[in-house]
Amino acid sequence: MSAADELEDTAAPLIEHLTELRSRLIRSLLAFIVGMVICFTVWNPVFNFLTLPLCDALASRGQDCDLQFIALEEGFFVAIQISLLGGLMLGFPFISYQLWRFVAPGLYKSEKGAFLPFLIASPFMFLLGAAFAYYVITPLAFGFFLGFQQPGSVINGTDSSTQAAGILFQGSAKAYLNLTIKFIVAFGLCFQLPVLLTLMGKAGLVSARGLRGTRKYAVVGILIVAALATPPDVISQVILFVVVYGLYEVSIQLVARVERKREAKLRADGLWDEDLHGEGTFEDEDKTA
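Summary of the structure given here.

Here we come to the environment of Gly204. Position of Gly204 among the secondary structure elements: in the loop between helix H7 (193-202) and helix H8 (208-213). Gly204 sits in the exposed class, given a relative accessible area of 52%.

This is the structure:
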């Protein structure tokens, strides 16, 4: 067989893979558009749901829950922003299915069994993080921000020239939505930590021993994330730090479990090399850590 024939044989499967990838991407895009259209029709109830933490915080202070459109087109862009986020969330199951259908034929049976649970766990952990942000963090954050309001008052006597200006919240609907989405997305991504580290442990990119050895660096990194993803109040920052660091410790145990299973399989197959892999088991590492 000539070199030209070999090149032609290798080009055909590549073209087939690219064609399949294009069809999967088109289907995923259509699913996203359908989800976006659905969310656009119900953007108002979704926005009302997202404003509940703010309305509760304002109601506790005896204030009305009113947001404003600063610009003429702001209402439209609020609806579009909700539609984009909602379309992605509604279309994600179908999009992830298309991703699975594309990569599954190239995986061994054992690899399929290892990859599929992570594909299912990822959206679940994101929703868990988003719910934590919505029900726990945003009430604390909005209460902190609204605490900087102050009523108007007279400093000296009744002369209007000595009256102090009041500070009252009159928020922009778009600015509020941006802040709320920031919280939801940030916490949803933080809750992906166990999924990401366990998948990396499955691929041999990280180890439980290495994660234990980098605890102090993880603490610094989590503190930085907590400072950036939450408002500048100690309570919400401490809550995020405790939760994410707890997820880090859970990730260590999940990676150790993956390594124990790998060791047991290698020993059963007679492929365990004491010189290469070490003599102690991962249970011993847990005791000495």
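Having seen the structure, we can now continue with the description.
Turning next to the state of the cysteines. Within the structure shown, the criterion is met by one disulfide. The residue that forms a disulfide with Cys55 is Cys65, at a sulfur-sulfur distance of 2.0 Å. Between Cys55 and Cys65, the S-S torsion sits near -65 degrees, and that sign places the bridge as left-handed. Of the two residues, Cys55 is situated in helix H3 (residues 52-59) and Cys65 in the loop between H3 and helix H4 (74-103); the sequence distance between them amounts to 10 residues. Its relative accessible area of 21% is what places Cys55 among the partly exposed residues. Relative accessible area serves as the criterion here: at 29%, Cys65 is assigned to the partly exposed category.

For the rest of this paragraph, the subject is the environment of Val242. Here Val242 shows up in helix H10 (residues 234-268). Overall, Val242 belongs to the exposed group, its relative accessible area being 52%. A sequence separation of 19 residues divides Val242 from Leu223, and the C-alpha atoms of the two residues are 9.7 Å apart.

Thresholds, definitions, all that
- Residues numbered from 1 in each chain as written.
- Predicted model: local features only at pLDDT ≥ 70, side-chain atom pairs only at ≥ 80, totals over all residues.
- Heavy atoms only, no water.
- Helix = DSSP H or I, 4+ residues; strand = E, 2+ residues; numbered from the N terminus.
- Buried < 20%, exposed > 50% of the residue type's maximum accessible area, 1.4 Å probe, protein only.
- Disulfide = S-S within 2.5 Å.

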